[in-house]
Amino acid sequence: MRLPEIIVERREPLPHYKLIIYYIVTIIIGFLLTSLATIPYGLDPFTALYLMLKGSLGSKYGFSETIVRMSPILLTGLGVAIAFLVRFWNIGAEGQLYVGALLSALIGVYISLPKPLHILVASVAGLVGGALAIYPSIYLKQRYGVDEVVTTLLSNWIYILWISAILHFYWKNPLTHWPESPYIHDSAELPRIPGFGRMHLGFIIGIILIGIYYIMYTRSKYGYELKMIGLNPKAAYLQGMDVDKRIFIAALLSGALAGLAGAYEVMGVSHTIREDLSPGYGYSGILVATLGMSHPIGVFLAAFFVSIIEIGMLSLQRTTGIPYPLAMVFEGSLFAVAALTQLYSSYRIRIVWRD
Amino acid sequence: MKSHENIIEMHGIYKKFPGVVAVDNVDFNLIRGEIHSLLGENGAGKSTLMKILYGYYRPDRGRIFVDGREVRFRSPSDAIKYGIGMVFQHFNLVDSLTVLENIILGDDNLGFIPDYSSARKRVIEIINEYGFKLDPDTGVGYLSVGEKQRVEIIKLLYQNSRVMIFDEPTTVLTPAEKSTLFNFFYNVSNEDRSIIFITHKLEEAMNVSDRITVMKRGKVVATLKPEETDINELARLMVGRIEPYEIRRSSRRGKTILKINGLWVKDDLGRFRVKGASIEVREGEIVGIAGVAGNGQKELIEAIIGIRKVYKGSIYVFGEDITNMDPSNIFNKGVIIIPEDRNYEGLFMDASVYENLISRVYRESSNKLGFMDHDGLRKYALKLIDEYGIQTPDITIPVKALSGGNRQRVVLAREFSYNEDRKKVIIAVYPSRGLDIKATNFVRTLLMREREKGLGILLVSDDLDEVFELSDRILVMNDGVIIREFEGGRVSEEELGLAISGVK
Amino acid sequence: MGFVIGVLTAFAILMIRDSISLMLAAVGEAYAERSGILNLGIEGMIMLGASIGFVVTYKTGNPYLGFISAGLLTGLLGIIMGIFVISIGTQQHVTTLGFTIIGSGLSVYIYRLSIESVGGVPPTVEGFPRIYIPYLTDIPVIGPSIFGQPVAAYVVVLIVLFLHWIMEYTKLGLHIKAVGDNPKAADTLGVNVFMIRYLAIFIAASTAGMAGAWLSTAHSNMFLPNMSMGRGWIAIALVSFGMWNPLKIILGSLLFGGLDALGSVAQTYGRNIPYQFLQSIPFIVTILVLIPIARRAKVPKALLKPYRREEAE
Ligand SMILES: Nc1ncnc2c1ncn2[C@@H]1O[C@H](COP(=O)(O)OP(=O)(O)O)[C@@H](O)[C@H]1O
Ligand SMILES: [Mg+2]
């Protein structure tokens, strides 16, 4: 009997453009495989793709919804990307987002300030909330060596359960009696971008932050240090870099940005904090960071791409009844795609049949 | 039967790795009951050839015959069935299992629920027959290097190997252990088993073999009997024409640079590994530390460069106490390290050559806001590449794509060029391990050049020849202390060997 | 007195119900990790198993079939994951996390595809018959609640004990440990590293799948999206907590099941504490128990490292 054998062998590093082509081809294969699941609903993959793109980009409404979706994903993606750069596996962006949202909602509800200042303070509260939320995981990792994958993950549940408790038992909205906080003051609301539906200032700020990250990543010694620490912390330490401190800062920043995403959801979209504030922006952020390989441009494109998929799938669900969780299947496969692409850069993968 | 005199025949074996033909159309044969040395410098293709024979690698082309019958091995288990066994250069033992478990791991005859008692009986028989001192129920993680090698040998005997391949087994052994191993070779070859002994040491090949096959750059260049040749001819066959580097001793020794006083250092498990060692290195000299690995050298070095805590005692550089400072401060005091494991301690393997070359200087070339001067740095990197002869198509390719010799050049270029005027003492740990002769000579010449500039060099190596040839003074380290000191060039290799084995 | 008995009984029932799924998933995870593969896909695999187990049971009326299909089909997903992390050798964190998301996505997709819910009320299934162990059931108070379990509970206990036996006393166990600590050493002795790892990952995935089926056909008799509620992650933590030893992991699972049960009991009897706080206790305790063992843990040495024979050293 002849059996297939997968051969993975080193090769000369691939030039970037080839790598990008491989990347795109693999994504397409992933999409085609996933979209087989639309067939039971009487839809062929290409029509599905067409409907998805139409729903997410084909109209002004769709496009603005895509951007609204992208705003938090850009921030969580950026945050996770910075942590992943130093190989701190922050899987807890979802929980950090909620804590950031909680703190900024508190500021938005209980404090009155003139508009720009109020926005600033509430944003800072979001940053602080996210940083506080990730801090225990960093501390446990650096002090006791506890694996951050587990602690950040479990902390998602802890924070979200606690916030749910707060909203159900201590901080109900007096107007609606829903488990959601009272509405924040107008002065803390992020301005909308006129003519683009619910699109808000958070998106612009996200773009600016990506720009700053781009400069740091390509030109500054901090970007260089983070990259080197991620590649080989021991060598970095021997080269005199302050490894623990850099990882600490990167991880803290990561949490803070996720917290900011939560704050902007409150300040820009819902104007209150709810249990279902995030449909998984934190997890999407992990995908975005992975897919974008922690590179600023990669993160930006990935955030856009992931938002298109999510809004597209939502619209597909509305128009054809195909369950939205199929988007998750595709997104999950994108992790494998990203992992494969990382490998392509220095390995060749072949299948041979042997007896 | 004449045709079966050759227990192994390999014909036209060819194996290519990305970027290098490791084995190039090689013919090799092994006679029943002989000790056959496979001689060649690092990278000649010896290990690859033998891994092919052992079924570990698949050749791209070529045929293998065992007892005159053609075989096609898919994995080592096939080779083991034909009575071929191999001890790899780096031991292949599972530390978390016991000696016995390691040995029976591949035994197909043992049922699903292993019959430990009968296996243990056989292992003990083997241990007694060959006079190995070993308890089959100890965890392998607790064994010394010599003991681990014995476990590997027992594996072969347990498998009943008729062909035993040893890949550079002597590098990690004390002279005493070495002669025990050679005696073992004689004994088993008298039992009609054959030995393939891989080495790059000419004398060893001359002394133990019935025949010697010399490999160079993937090809077999000759197969000879020791009595028909001599060391010089072997050397010429093995390396071809290479400028020998000139061995020189220190011309002037100056003040004491590095002074270590009664140092005590623990290992990761909290056991003392350095137990009151005192060492002095002066300007313009190379001080070699000889000794079997695992006698505290690693902990000593790590303490000097600041990545391991000093428990007691102190370390001075030019009279300044650097004990327990952090690594970047110690480096700033002028202590340079060429780390033992260049791939994982010295280099960022996935980063580019450029990023690797600038990891010392990037701070100085950054402005207050932290922006790096990439243009200046690029020029600097190109200068180093030129000066140190680093062969790379481009500075943006990952350093892992370079050969071992070029990687070491990257490390040396980076460490030696930074802060020329502050540099005072170099700690060189196994600086030429795994390199071919050309790269080795380059490294040694460079060390001597630095000595001429007046630097002090502390050289740690398990390669006795290296310590022997370069050092102005040789210290022998045993069980955490310096037990002997010799003046370089005034001691014979035998004398040194005895001292290392602990014979005073 | 009646009150105390009530509380104790409730506690015992809940503890067993919760620990069953944990021990099954965690012991399976230990197989993957001991062979060198960190399976972060476990959470999604539990959900997939829950969905498949429920759907098959619902359609056929046969919970045994549901249980077995959940194990086999989720095992298949594990094999697919294995192609990536074992044969190709992609980064394990990233890949297996992806499979968690695939698993949870698929679980809802399959459920919705196969079952039309009527008016928003999730349908339920019959589940397993109970077996009452003679004599032991007669123990007062806790007897009936502990020794009168659905068939699947006994099956699970047998499975985990069997897996313990395999790991500690057989050659397969020896091979799994060797492959996870030093695959090269195992390979050079003729052990098929890839085969062993595939087997381990199949075991890990299918036990997770069965754990999921337990949740949807025995624990609660219905399927809900995200019904695993982080059990997969706790299972991963339990593996380190139990030092990769199945027996210790089983004990750890009982402990955590107890903790969960404590929360639920407190929720019933102490209405003024928000139940979310009680629900968060297992997660907090999981983190806390990892602290003292983190640095002492003897992690399998080859964990996270793909094995490639022709890789230069
Ligand atoms: N697994 C491998 N992948 C890529 N290149 C390899 C591998 N093994 C050996 N090589 C290369 O093949 C050549 C021969 O190596 P080797 O057989 O180890 O030589 P020797 O044992 O004589 O020192 C060297 O250039 C080495 O870098
Ligand atoms: Mg070799």
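All figures in this text were calculated on a predicted structure; none of them were measured in a lab. (Residues numbered from 1 in each chain as written. Chains lettered and ligands numbered in written order. Predicted model: local features only at pLDDT ≥ 70, side-chain atom pairs only at ≥ 80, totals over all residues. Heavy atoms only, no water.)

Some details on the overall build of chain B
The number of helices and strands found in chain B is 17 helices and 20 strands. Counting only C-alpha atoms and orienting by the principal axes, one finds that chain B spans roughly 75 × 50 × 50 Å. Burial status across chain B gives 57% buried among its 504 residues. Within chain B, counting contacts between residues at least 6 apart in sequence, those at least 24 apart form 68% of the total. Counting only carbon and sulfur atoms, one obtains 47% of the accessible surface of chain B, whose full area is about 21,300 Å². With 71 positive and 74 negative side-chain charges, chain B shows a separation of 3 Å between the mean positions of the two kinds. (Helix = DSSP H or I, 4+ residues; strand = E, 2+ residues; numbered from the N terminus. Buried < 20%, exposed > 50% of the residue type's maximum accessible area, 1.4 Å probe, protein only. Contact = heavy atoms within 4.5 Å. Areas by Shrake-Rupley, 256 points an atom, 1.4 Å probe, with all protein chains shown as cover. Lys, Arg positive; Asp, Glu negative; His and termini not counted. Charge placed at Lys NZ, Arg CZ, Asp CG, Glu CD.)

Brief notes about the overall build of chain A
Counting its regular elements, chain A contains 13 helices and two strands. Radius of gyration (C-alpha) of chain A: 21 Å, near the 20 Å computed for a compact globule of 355 residues. On the principal axes, the C-alpha backbone points of chain A span a range of 75 × 60 × 35 Å. A buried classification covers 59% of the 355 residues belonging to chain A. Summed over all atoms, the accessible surface of chain A reaches about 14,100 Å², with 69% contributed by carbon and sulfur. Positive and negative charge centroids in chain A, built from 25 and 20 side chains respectively, lie 7 Å apart. (Rg over C-alpha atoms; globule rule 2.2 N^0.38 Å.)

Let's talk about unusual backbone geometry
Phi is positive for N160 of chain B, which is not a glycine, with a value near 65°. Its place among the elements puts N160 of chain B in the loop between α5 (145-158) and β7 (163-167).

Focus on the site of ligand 1
Among the 15 residues in the neighbourhood of ligand 1, the closest are listed as G43, K46, S47 and T48 of chain B together with E310 of chain C. Contact between ligand 1 and T48 of chain B: an oxygen atom at 2.5 Å from a side-chain N or O atom of the residue. Between ligand 1 and the protein, one listed contact pairs a nitrogen atom with a backbone N or O atom of E310 of chain C at 2.7 Å. For ligand 1, the accessible surface in isolation is 550 Å², of which the surrounding protein chains cover 75%. Looking at the shell around ligand 1, the elements that each hand over two or more residues are β2 (20-31) and α1 (46-53) of chain B. Top element by residues in the shell around ligand 1 is α1 of chain B. It accounts for three residues. Looking at the shell around ligand 1, its residues break down into six nonpolar, five polar and four charged. (Near = heavy atom within 4 Å. Polar contact = N/O pair within 3.5 Å; in protein donor to acceptor, adjacent residues only side chain to side chain. Nonpolar A, V, L, I, M, F, W, Y, C, P; charged D, E, K, R; others polar.)

Remarks on the packing of aromatic side chains
All names here are of chain B. Taken as a whole and assessed by the stated rule, the structure comprises 41 aromatic pairs over all chains. One aromatic cluster in this structure is built from Y130, F132, F166, F182, F184, F185 and F197. Above the face of the Y14 ring, R61 is positioned so that its terminal group lies 4.2 Å from the ring centre. The side chain of R360 reaches across the aromatic face of F331, ending 3.3 Å from its centre. (Phe/Tyr/Trp six-rings, centres within 6.5 Å; stacked < 30°, edge-to-face > 60°. Lys NZ or Arg CZ within 6 Å of the ring centre and 35° of its normal.)

Things to note about empty space enclosed by the protein
All names here are of chain A. Throughout the structure, instances matching the rule amount to six cavities of 30 Å³ or more. Taken together, F31, T34, S35, T38, A48, M52, I309, M313, L316, L326, A327 and F330 make up the lining of the largest cavity. Listing elements by their share of the lining of the largest cavity, those giving two or more residues are α1 (16-35), α2 (45-57), α12 (296-320) and α13 (326-344). In terms of residue class, the lining of the largest cavity is made up of nine nonpolar, three polar and no charged. (1 Å grid on protein atoms, 1.4 Å probe; cavity = no way out; pocket = protein on both sides within 12 Å on 5 of 7 lines; lining within 4 Å. Points joined across faces, edges and corners; volume = space filled by probe spheres on them.)

A short note on the pairing of strand β16 (residues 335-338) of chain B
Residues and elements named next belong to chain B. Residues V335 and I337 point to one face of β16 and I336 and I338 to the other, with burial holding for every one of them. Note: β16 against strand β17 (residues 425-429), four bridges, orientation parallel. Pairing of I336 across the sheet is with I426, part of β17. (Pairing = 2+ DSSP bridges.)

Here's the deal with helix α6 (residues 148-170) of chain A
With 23 residues, α6 of chain A extends 31 Å from end C-alpha to end C-alpha; this agrees with the ideal 33 Å at 1.5 Å per step. Of all 23 residues in α6 of chain A, 17 are buried, a share of seventy percent or more. (Expected span 1.5 Å × (residues − 1).)

Points about the domain arrangement of chain B
Residue and element names in this part refer to chain B. Taken domain by domain, chain B holds domain 1 (6-239), domain 2 (245-334 + 422-503) and domain 3 (345-418). Inter-centroid distance (C-alpha atoms) of domain 2 to domain 3 is 26 Å. Tallying the contact residues gives 12 residues for domain 2 and 10 residues for domain 3. Between domain 2 and domain 3 we count zero salt bridges in total. The interface formed by domain 2 and domain 3 includes three residue pairs in polar contact (both at pLDDT 80 or more). Each residue belonging to the side of domain 2 that touches domain 3 can be placed in one class, and the counts come to nine nonpolar, no polar and three charged. (Domains from an automatic or database assignment. Salt bridge = Lys/Arg side-chain N within 4 Å of Asp/Glu carboxyl O.)

Some thoughts on the interface of chain A and chain B
On the side of chain B, 34 residues touch chain A, which itself brings 28 residues to the contact. In this assembly, chain A packs against chain B so that about 2,700 Å² is buried in total across both faces, 58% of it on carbon and sulfur atoms. Among the residues of chain A in contact with chain B, Y224, L238 and Q239 of chain A are the three that bury the most area, contributing 27% of the side total. For the pair chain A and chain B, the number of links is two salt bridges. For E5 of chain A, the salt bridge is made with R58 of chain B, and the minimal N-O distance between the two is 3.6 Å. Elements with a minimum of two residues in the side of chain A that touches chain B: β1 (3-10), α7 (201-219), α8 (221-231) and α9 (233-238) of chain A. In terms of residues, the side of chain A that touches chain B owes the most to one element, α8 of chain A, which gives seven residues. (Buried area = accessible area lost by both parts, 1.4 Å probe.)

What to know about the sheet that holds strand β6 (residues 84-87) of chain B
Residues and elements named next belong to chain B. Spatially, six strands are ordered β6-β7-β8-β3-β9-β10 in an open sheet, and the strand pairing comes out mixed. Two strands close off the open sheet at either side, each with one partner strand: β6 and β10 (219-224). Across the sheet, the axes of successive neighbouring strands diverge by a mean angle of 20°, strand direction being ignored. Sheet topology places strand β9 (residues 211-216) next to β10; five bridges connect them, and they run antiparallel. Its bridge partner being in β10, K216 is matched across the sheet by K219. Contacts from α1 reach β3 (35-39), β6, β7, β8 (194-199) and β9, with the element oriented near 150° to β8. (Axes fitted to C-alpha atoms, helices over the stretch in contact; angles between N-to-C directions.)

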